[in-house]
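Commentary on secondary and tertiary structure
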Amino acid sequence: MTPSQIVRSEILKTPAYHVPDAAGLVKLDAMENPYRLPPELANALAYHLARIGINRYPSPSADELKTALRQAFGVSQCFDLLLGNGSDELIQIVAQTVARPCATVLAVEPSFTLYRTISQLSNLRYIGIPLLASSYELDDASFLSAIAEHQPALVFLASPNNPTGNMFPLASVVRIISATPGLVVVDEAYLAYSGEAGLIDKLNSFDNLIIMRTLSKIGLAGLRLGYLIGHPCWIAELNKTRLPYNVNSLTQAAATFLCSHLTVLHRQTSLIIAERHRVACRLSSFSGVVVYPSKANFIFFKVENARTCFEHLAANGVLIKCLHSAHHLLENGLRVTIGTPDENNLFLDCLASFLGQR
Ligand SMILES: *Cc1c(COP(=O)(O)O)cnc(C)c1O
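Let us look at the structure shown here. (Residues numbered from 1 in each chain as written. Predicted model: local features only at pLDDT ≥ 70, side-chain atom pairs only at ≥ 80, totals over all residues. Heavy atoms only, no water.)

Here we take up the overall build of the protein. A count of helical and extended segments in the protein gives 14 helices and 13 strands. For 358 residues, the compact-globule estimate of 2.2 N^0.38 gives 21 Å, and the C-alpha radius of gyration of the protein, at 21 Å, lies within 12% of that figure. Projected onto its principal axes, the C-alpha positions of the protein cover 60 × 55 × 55 Å. Expressed as a percentage of contacts within the protein between residues at least 6 apart in sequence, the contacts between residues at least 24 apart total 72%. Carbon and sulfur atoms form 55% of the exposed surface of the protein, whose accessible area is close to 16,700 Å². In the protein, the 28 positive side-chain charges and the 28 negative ones have mean positions that sit 3 Å from each other. (Helix = DSSP H or I, 4+ residues; strand = E, 2+ residues; numbered from the N terminus. Rg over C-alpha atoms; globule rule 2.2 N^0.38 Å. Contact = heavy atoms within 4.5 Å. Areas by Shrake-Rupley, 256 points an atom, 1.4 Å probe, with all protein chains shown as cover. Lys, Arg positive; Asp, Glu negative; His and termini not counted. Charge placed at Lys NZ, Arg CZ, Asp CG, Glu CD.)

Structural data, given as structure tokens:
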């Protein structure tokens with residue numbers, strides 16, 4: 001007996017999620033906030049965590065953390081929250097919940113690759129609708145006609161989008177939500193870097209809208225905490241797919257504690273936004289580099305030979321993300337996460353040396 005006789009074919013043909021080894025490299029590949037907590041706050045957090053009884057299971061409902069999140073991020077009592085071990089897990093929960101035979105998931109491409117992977121692993125039919133080739137804007141007409149044709153049970157839409165960095169116009173997103181017969185999950189992983197309010201105000205108008213957020217990209221990637229905001233009737237169903245105790249005690253306690261110290265993270269966000277502007281300006285000054293506008297903590301750009309460029313940077317100690325073979329619209333595309341000013345300068349100097357410019 002071998003795995004190929006037993007394991008589902010979707011799984012056999014799916015590669016495991018690959019995370020490159022970043023040992024010894026400046027890590028600008030994964031949209032992490034480069035700043036740690038200030039030492040005083042880290043010590044206060046440690047003191048707080050030391051009091052948690054890890055002999056006991058976590059709170060299954062995590063009510064204390066939900067209250068803290070509501071206050072910190074302005075979530076009305078009209079809507080419920082569902083917490084996940086990162087928003088990755090929430091994507092899986094939503095997909096599993098709607099995975100009736102022949103149900104369809106729609107998403108734009110290129111976008112976050114787990115929408116496709118998790119949908120397919122959940123036995124859903126996944127259809128990717130290409131963004132416009134030159135701008136990575138939504139192709140409203142083709143997306144709306146795909147909704148009409150496929151009647152999706154679920155739509156995933158990341159805004160700002162990963163890996164392109166742009167935000168989709170509110171009016172287009174609203175049209176998609178109105179036209180979709182199933183759930184629309186708007187993934188606001190990068191909202192903090194956009195300076196915009198996002199879709200939370202639209203929850204009142206649409207009962208098929210779910211907002212997905214995460215603490216990962218604002219500085220707490222190691223905690224693994226994502227949350228959904230939605231109408232109680234939907235959250236109640238999704239909650240049945242969630243494993244008990246999916247958010248561990250230390251994460252619950254740390255996130256609750258940090259919700260009352262968000263100004264520290266907000267200050268880091270501002271530094272990163274200012275750096276994004278500086279890095280984008282310098283990138284735009286190079287010839288042979290096309291820079292795309294970003295509302296996130298990374299910048300998507302194109303060079304003449306992305307793979308060689310990626311390898312030159314890695315050989316010089318800077319790890320970014322090469323997207324060249326990820327999707328045909330991403331040909332010669334690279335994505336750099338905004339780091340500290342020193343890290344960004346190292347990246348820019350390495351790129352300048354690759355391009356033979358200064
Ligand atoms: C990084 C990312 C996520 C996953 O975030 P986690 O909460 O760390 O699992 C979800 N959506 C998008 C668009 C992302 O870029």
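Next, the rest of the story.
It is worth spelling out helix α3 (residues 39–50) at this point. With 12 residues, α3 ought to run about 16 Å at 1.5 Å a step, and its terminal C-alpha atoms sit 16 Å apart, in line with that. Buried within α3 we find Leu 41, Leu 45 and His 48. Seen end-on, α3 carries its buried residues on one side only, within an arc spanning 60 degrees. Across α3 from its buried face, at more than 90 degrees, point the exposed residues Pro 39, Glu 40, Asn 43, Tyr 47 and Ala 50. (Expected span 1.5 Å × (residues − 1). Buried < 20%, exposed > 50% of the residue type's maximum accessible area, 1.4 Å probe, protein only. Arc of directions from axis to C-beta.)

In this section: the nonpolar core. Generally speaking, a soluble globular protein has its nonpolar side chains buried in company with each other. By size, the foremost hydrophobic cluster in this structure holds 56 residues, and its most contacted members are Leu 69, Leu 83, Leu 106, Phe 143, Leu 209, Leu 225 and Ile 229. With 5 residues, helix α11 (residues 249–259) is the single largest residue contributor to this core. Beyond its immediate stretch of four places on either side in the chain, Leu 225 contacts Leu 65, Leu 69, Leu 83, Gly 84, Gly 86, Thr 214, Leu 215, Ser 216, Val 247, Thr 251 and Ala 255. Core analysis: the next-biggest nonpolar cluster, separate from the first, contains 27 residues, Ala 22, Phe 310, Leu 319 and Ala 352 among them. (Core = buried A, V, L, I, M, F, W, Y, C linked by side-chain atoms within 4.5 Å.)

All right, on to the pattern of salt bridges then. Tallied over the full model, the rule gives 12 salt bridges. Among the salt bridges present, the one from Arg 116 reaches Glu 109, with a minimum N-O distance of 3.1 Å. The buried category is assigned to Glu 109, whose relative accessible area is 13%. (Salt bridge = Lys/Arg side-chain N within 4 Å of Asp/Glu carboxyl O.)

Pairing within the open sheet is antiparallel, and its 4 strands lie in the order β9-β10-β13-β12. In this open sheet, the two edge strands, each paired with only one partner strand, are β9 (290–291) and β12 (321–322). Sheet topology places strand β10 (residues 298–302) next to strand β13 (residues 333–337); 5 bridges connect them, and they run antiparallel. Directly across from Phe 298, in β13, lies its bridge partner Thr 337. Its contacts with the sheet put helix α12 (residues 262–285) on β9 and β10, and the angle it makes with β10 is roughly 10 degrees. (Pairing = 2+ DSSP bridges. Axes fitted to C-alpha atoms, helices over the stretch in contact; angles between N-to-C directions.)

Right, let's talk about the site of the ligand for a bit. Neighbouring residues of the ligand: 14 residues in total, closest Asp 187, Tyr 190, Thr 214, Ser 216 and Lys 217. Between Asn 162 and the ligand, the recorded distance is 2.9 Å, taken from a side-chain N or O atom to an oxygen atom. In this structure, Thr 214 approaches the ligand through a side-chain N or O atom, which is 2.5 Å from an oxygen atom. Protein coverage of the free-state accessible area of the ligand, which is 390 Å², stands at 94%. Among the secondary structure elements, those contributing two or more residues to the shell around the ligand are α5 (87–98) and α9 (216–220). In the shell around the ligand, the residues fall into 5 nonpolar, 5 polar and 4 charged. (Near = heavy atom within 4 Å. Polar contact = N/O pair within 3.5 Å; in protein donor to acceptor, adjacent residues only side chain to side chain. Nonpolar A, V, L, I, M, F, W, Y, C, P; charged D, E, K, R; others polar.)

Quick look at the pairing of strand β8 (residues 226–230) now. For β8, the buried fraction is high: 5 of the 5 residues fall into the buried class. Across the two faces of β8 the burial is the same, with Gly 226, Leu 228 and Gly 230 and Tyr 227 and Ile 229 all buried. Here strand β2 (residues 80–84) pairs with β8 via 5 bridges, running antiparallel. Looking at the pairing, Asp 80 lines up with Gly 230 of β8. As paired elements, strand β7 (residues 209–214) and β8 share 4 bridges and run antiparallel to each other. Within β8, the position partnered with Thr 214 by the bridge is Gly 226.

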